[in-house]
Amino acid sequence: LAFMGPAKLLAGGKFANYRSSAAPGLISLFMANGERDTGFNIASGFSPGTGTSVQINALAVTDLGGGTYAVYAGGEFSKFKGYASPRLVKMNQSGTRDAGFVVGPQGFDSSVNAILNTTNGVFVGGDFAQYKGATVSGLVRLNSSSAALEASVTLTGGGVRALAAAEGGDVWAGGSFTPVGRQTAAPVIRVNSDLVIASDFNVDIGLGSHHPEEFNALLVGTRTNADVYGVHALTFNPAAPSRLIVGGFF
């Protein structure tokens, strides 16, 4: 979910219809009554990748002023309105693709789970290991206008599932990963705009060892147990930076 101004709510997920009308994975609703915002029209919308179905996992909206917005959507898809844009796309308040934000044709090689747009660029987290052919590992910063890769961080063991803005332009990231060079599992990190990990914040939430058979009911498709474990949500208020709220399966 993401707010688009004071009156509209964007909803993304794994659905095809809303009130019996086509809505492939993403829709804009009026918050007052749940009616569809017909001014937001993605038409044919998203195309699935090979062996997957369309699923929108992450939305981020930036208010550009004057009733205009930049909308970023990420998840599992290969194209948007026929244009190659693997797993990430940028559009405006009417659902028109931003042609200057070029993700394709290669894009991300696996799912995008979280998006955070800041004045320093667009932070994207997920289960991916490549972006436009470059080796990355679950968390990158892209240019908000062109989608060019500007920074990445080295993580192992799993992907990034949640992002939150910290004070001073830093970013919180949570998931099922381990930062390279850390002794303990640390599925919450703080990074600066260049994706350098802060050394003064170090946690061990304890993903721990476990028996795969205990969690069979939770596994979907090719997911591994590492994907099930970890941090799935972060909430932080930069105006009152005394608490970071962390949720997940740990």
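Relevant structure appears above.
Residues numbered from 1 in each chain as written. Predicted model: local features only at pLDDT ≥ 70, side-chain atom pairs only at ≥ 80, totals over all residues. Heavy atoms only, no water.

Next up on the list: the sheet that holds strand S20 (residues 171-175). In spatial order, the strands read S19-S20-S22; together these 3 strands make up an open sheet with antiparallel pairing. The open sheet is flanked by strand S19 (160-165) and strand S22 (188-191), the only strands paired with a single partner. The average undirected angle you get between the axes of adjacent strands in this sheet is 25°. As paired strands, S20 and S22 are joined by 4 bridges and run antiparallel to one another. Looking at S22, one finds that tryptophan 172 is bridged to arginine 190. (Pairing = 2+ DSSP bridges. Helix = DSSP H or I, 4+ residues; strand = E, 2+ residues; numbered from the N terminus. Axes fitted to C-alpha atoms, helices over the stretch in contact; angles between N-to-C directions.)

Checked against the element boundaries, serine 111 lands in the loop between strand S11 (88-92) and strand S12 (112-118). Polar contacts involving the side chain of serine 111 include one to the side chain of asparagine 113, which spans 3.3 Å. Discounting residues that sit within four places of it in the chain, serine 111 has contacts with Asn57, Gly75, Glu76, Arg87, Gly126, Asp127 and Phe128. (Polar contact = N/O pair within 3.5 Å; in protein donor to acceptor, adjacent residues only side chain to side chain. Contact = heavy atoms within 4.5 Å.)

Moving on, we get to the sheet that holds S12. Pairing is antiparallel in the open sheet, where 4 strands are placed in the order S12-S13-S16-S17. The open sheet has two edge strands, S12 and strand S17 (149-152), and neither has a second partner. On average, each strand axis in the sheet is tilted by 25° relative to the strand beside it, whichever way the strands run. Bridging between S12 and strand S13 (residues 121-126) involves 6 bridges; their strand directions are antiparallel.

A word on the pattern of salt bridges. Where charged atoms of side chains with opposite charge meet at close range, the side chains can pair. Tallied over the full model, the rule gives 9 salt bridges. The residue arginine 87 makes a salt bridge to glutamate 76 at a minimum N-O spacing of 3.3 Å. With a gap of 11 residues between them, arginine 87 in the loop between strand S10 (83-84) and S11 and glutamate 76 in strand S8 (residues 68-76) connect regions that are remote in the sequence. Take arginine 87 and glutamate 76: they sit in the same class, and that class is buried. Here arginine 161 makes a salt bridge to aspartate 127, at a shortest N to O gap of 3.7 Å. (Salt bridge = Lys/Arg side-chain N within 4 Å of Asp/Glu carboxyl O. Buried < 20%, exposed > 50% of the residue type's maximum accessible area, 1.4 Å probe, protein only.)

Further remarks concern the side chain of arginine 190. By secondary structure assignment, the location of arginine 190 is in strand S22. Residue class for arginine 190 comes out buried when judged on its relative accessible area of 16%. In this structure the side chain of arginine 190 is engaged in a polar contact, spanning 3.4 Å, whose partner is the backbone oxygen of glutamate 167. Filtering out sequence-adjacent residues up to four positions away, arginine 190 remains in contact with Ala166, Glu167, Asp170, Val171, Trp172, Val196, Ile197 and Ala198.

Here we take up the packing of aromatic side chains. How two aromatic rings sit relative to each other is set out by the distance from centre to centre and by the angle between their planes. Evaluation of the coordinates by the stated rule reveals 7 aromatic pairs. Geometrically, the ring pair formed by phenylalanine 46 and phenylalanine 80 is tilted, given 5.0 Å between the ring centres and 50° between the ring planes. Of the two residues, phenylalanine 46 sits in strand S6 (residues 46-47) while phenylalanine 80 sits in strand S9 (residues 79-80), which places them 34 residues apart along the sequence. Cluster of aromatic residues (ring-pair linked, three or more members): Phe46, Phe77 and Phe80. Note that arginine 97 overlies the ring of tyrosine 83, its terminal NZ or CZ placed 3.7 Å from the centroid. (Phe/Tyr/Trp six-rings, centres within 6.5 Å; stacked < 30°, edge-to-face > 60°. Lys NZ or Arg CZ within 6 Å of the ring centre and 35° of its normal.)

Here we take up the pairing of S17. When strand S16 (residues 139-142) meets S17, the two strands line up antiparallel, connected through 3 bridges. Bridging across to S17, arginine 141 finds its partner in alanine 151.

Turning next to the nonpolar core. Note on soluble globular proteins: their nonpolar side chains tend to be buried together. Formed by 18 residues in total, the largest nonpolar core has its most connected members in Leu88, Phe108, Ile115, Val124 and Leu142. Look past the residues within four positions of isoleucine 115 in its chain and what remains in contact with it is Ala58, Leu59, Ala60, Tyr72, Ala73, Gly74, Leu88, Val122, Phe123 and Leu163. Ala2, Val54, Leu59 and Phe77 belong to the second-largest nonpolar core, a separate cluster that totals 17 residues. (Core = buried A, V, L, I, M, F, W, Y, C linked by side-chain atoms within 4.5 Å.)

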